[in-house]
Amino acid sequence: MYYPYMASLIRKKKGHQLYYYIVESARVDGQPRIVQQTYLGTAERLAALVKERTAPLPLSATTRDFGLPGALWRAAQDSGVWKVLEAMWPAPRSGPSTAHYLLLAAIHRICQPGPKTEVADWYRSTILQPLWGFPPEQFRSQDFWDALDRIRVEGDPRGGPDELEEVQWRLLAAWKEKQLVHRRLLAYDTTNFYTWTATTNQRNSLAQRGHNKQGRHHLRQVGLSYVLDGENGLSLCHHVYAGNVADVEELPQALERILRMLDRNQMERSTVTLVFDKGTAALDNTLLLKQAGVGWISALPWNQAPADLREREVEKLPLCSSDQPGVHAVAERHIVHGEEYLCVLKYSSAFASEQLQSVTTSLSKVLQSLRRLSMDLAKPRCRLKETQIRNKIQRWLSSSAFLEDLIQWKLDWQNGRWHLQFDFNHGAFQKLLTHRLGRTVLLTNRTDWTAEQIVAGYSGQQQIEQVFRGLKDGDWLGWGPMYHWTDSKIRIHAFYCLLGVSLLKYIHKQAQAAWPGLSMEQLLQELRQIQQFVLLYPPQGEKGPPRAAIVRSKRTFPQQELAKTLGLEDLVRQKT
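Keep in mind that what you see is a predicted model, and the values were worked out from it rather than measured.

A. Looking closely at the pairing of strand β10 (residues 327-336). Of the strand pairs in this sheet, β10 and strand β11 (residues 339-348) are connected by ten bridges, and their pairing is antiparallel. Paired with Ala329 across the strands is Lys346, a residue of β11. The hairpin turn running from β10 into β11, its antiparallel successor, is two residues long, and His337 in that turn takes a positive phi close to 55°.

Okay, structure coming up:
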């Protein structure tokens, strides 16, 4: 540990007595300022310390999480999030407001995901406790439930407007004013999250059984439709829906909410471009988008793409600029769903490499499984029936894309037992390499855009997929475990999780100025290492109070630059 600023010894005269202090100085707005001072005592006391060649030993040392919660709190202030939350849920005469509980829940989900019973202890060990000034006892789990119960949400029996939807609109207005939403490129996607809601629990209608994207089909789940800014990644609009509703059925409701959001903030529909994945490129959805009057870009299912375009040789595709390294793209007009749209064939060498690695890994596993199954069938008294064998093989082949085309197999009954024969299709693999891997066909009504503009616009979809992975894997923010049993609590849980995503995206964007190319995972790792220590020293004299000194953990140069860029230095100068 060390003092990060220049330290010096000064004296102050109080009455007829001189007292000495160690002060830390730093330049604030270009001017030298004292940012921290530690009381040492009188000249006699200082001489005694020098004579003994020792410094007073601290009675105790307390660690505070400083970097990550401090950066998130500054982000909430600088981005306008905190101002919007405070205006929506004003502070009471005493104690924290509903806005405090929502923001603390979001920050806790990023820093240390867990149940509300753990929030108070975690809050006590962070920089937020001295900054906010509320005792940890006011953040018990029951306090959270009481505060969140006061929020009116969709379907609330008390009636009234949906406050969560209202605050989303206000956040967009604040970000628009701060120019945090620039190109009006909005990425849309849907996913679902499994819950631990019991089958017999009838207290909510959102948790239903359906096809779970994490493979937990035996659990009840909730669906989430999500819209974020395609450039800065801020969460603009979301909706929690029942887990048994298909993604394609959710788009009309999601589109209605998106249009209300645009109209409320006076954003001309024709200037907005929505980006979708290939699951939304259905005829009904393209008609809805046409009626809505918005621009859109969607991935087109491979079997619906024009054959002469999708199989074009890579060597004949123009190479994009350095902003899209390793990407080829060509745009042509084609008739799709009875209308003329612009189709873009995109080839990415990086994407092709990722797909090839995935295919070869899956191929190796399945071929080994088939070999073991063939040997098991040759064993005496093998009891496997034909239906069981075929279902097992089909499950293996459908576990990854392209395997059904690459592996040929045959099951015969001979000499009273089943015989399995299989082979690798070299011709299909060669066709896969030359005409399929790395390719994506895009469809858009932006017929005046270039192929590179459309490819760049579709890249916003990658941001939303990264958010979903970060939520489910817990690398960014822990969505689960979600121990909520009512519709209102589930909706509020989704709100503060996605609010946390916006704060993360904000600080990640700001951090690029100090560390270009810094990933979100690296950012979180670096900020978590910035700690603060409170050292409690014995009192000066018999009747004086204990003395406290605040120091920070040793920081690397990149951490110092991040702290400066994200405004952590300003938190140091506040009373803590």
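Additional details are given in the paragraphs that follow.
B. Fine view of the sheet that holds strand β16 (residues 547-552). Spatially, three strands are ordered β4-β15-β16 in an open sheet, and the strand pairing comes out antiparallel. Two strands close off the open sheet at either side, each with one partner strand: β4 (60-65) and β16. Mean inter-strand twist for the sheet, computed between neighbouring axes without regard to direction, equals 20°. Sheet analysis places strand β15 (residues 531-537) next to β16, joined by six bridges and oriented antiparallel. Residue pairing across strands places Val534 opposite Ile550, the latter belonging to β16.

C. Broad picture of the pairing of strand β14 (residues 439-444). In terms of burial, β14 is largely enclosed, as six of its six residues are buried. Both faces of β14 are covered, namely the face carrying Arg439, Val441 and Leu443 and the face carrying Thr440, Leu442 and Thr444. One ladder, built from three bridges, connects strand β9 (residues 295-299) with β14; its direction is antiparallel. Of the residues in β14, the one forming a bridge with Ile297 is Thr444. Pairing of β11 with β14, which is carried by six bridges, proceeds in the antiparallel orientation. The residue of β14 that forms the bridge with Lys346 is Thr440.

D. Quick peek at the side chain of His239. With respect to the helices and strands, His239 occurs in strand β7 (residues 235-242). Within polar-contact distance, the side chain of His239 engages the side chain of Glu250 at 3.0 Å. In this structure His239 touches Glu154, Gly223, Leu224, Ser225, Glu250, Arg257 and Arg491, once residues within four positions along its chain are discounted.

E. How the structure looks around the pattern of salt bridges. All chains considered together, the criterion is met by 24 salt bridges. Between Arg260 and Glu165 there is a salt bridge whose closest N-O contact spans 2.5 Å. With Arg260 in helix α9 (residues 247-264) and Glu165 in helix α8 (residues 163-177), this pair connects stretches of sequence that are 95 residues apart. Judged by relative accessible area, which is 12%, Glu165 ranks as buried. Connected through salt bridges with shared partners, the residues Glu154, Glu165, Glu256, Arg257, Arg260 and Arg491 form a single ionic network.

F. Looking closely at unusual backbone geometry. A positive phi angle, near 55°, is found at Gln266, a position not held by glycine. Residues other than glycine seldom take positive phi values, yet Asn415 does so here, at roughly 55°. Take Asn415: it is sitting in the loop between β12 (407-414) and β13 (417-424).

G. The confidence of the model for the protein chain, seen in detail. Within the protein chain, residue pLDDT values average 87, and 93% of them lie at 70 or more. Across residues 1-5, where pLDDT falls below 50, the model places 22 contacts with residues more than four positions away in sequence or in other chains.

H. Structural view of helix α20 (residues 557-565). For α20, the set of buried residues is Gln559, Leu562 and Ala563. An end-on view of α20 places all buried positions within 100° of arc, on one side of the element. Those residues of α20 that are exposed and angled more than 90 degrees off the buried face are Phe557 and Lys564. Looking one or two places after α20, you find Gly567, whose phi comes out positive at around 80°.

What counts as what
- Residues numbered from 1 in each chain as written.
- Predicted model: local features only at pLDDT ≥ 70, side-chain atom pairs only at ≥ 80, totals over all residues.
- Heavy atoms only, no water.
- Pairing = 2+ DSSP bridges.
- Helix = DSSP H or I, 4+ residues; strand = E, 2+ residues; numbered from the N terminus.
- Axes fitted to C-alpha atoms, helices over the stretch in contact; angles between N-to-C directions.
- Buried < 20%, exposed > 50% of the residue type's maximum accessible area, 1.4 Å probe, protein only.
- Polar contact = N/O pair within 3.5 Å; in protein donor to acceptor, adjacent residues only side chain to side chain.
- Contact = heavy atoms within 4.5 Å.
- Salt bridge = Lys/Arg side-chain N within 4 Å of Asp/Glu carboxyl O.
- pLDDT = per-residue confidence, 0-100.
- Arc of directions from axis to C-beta.

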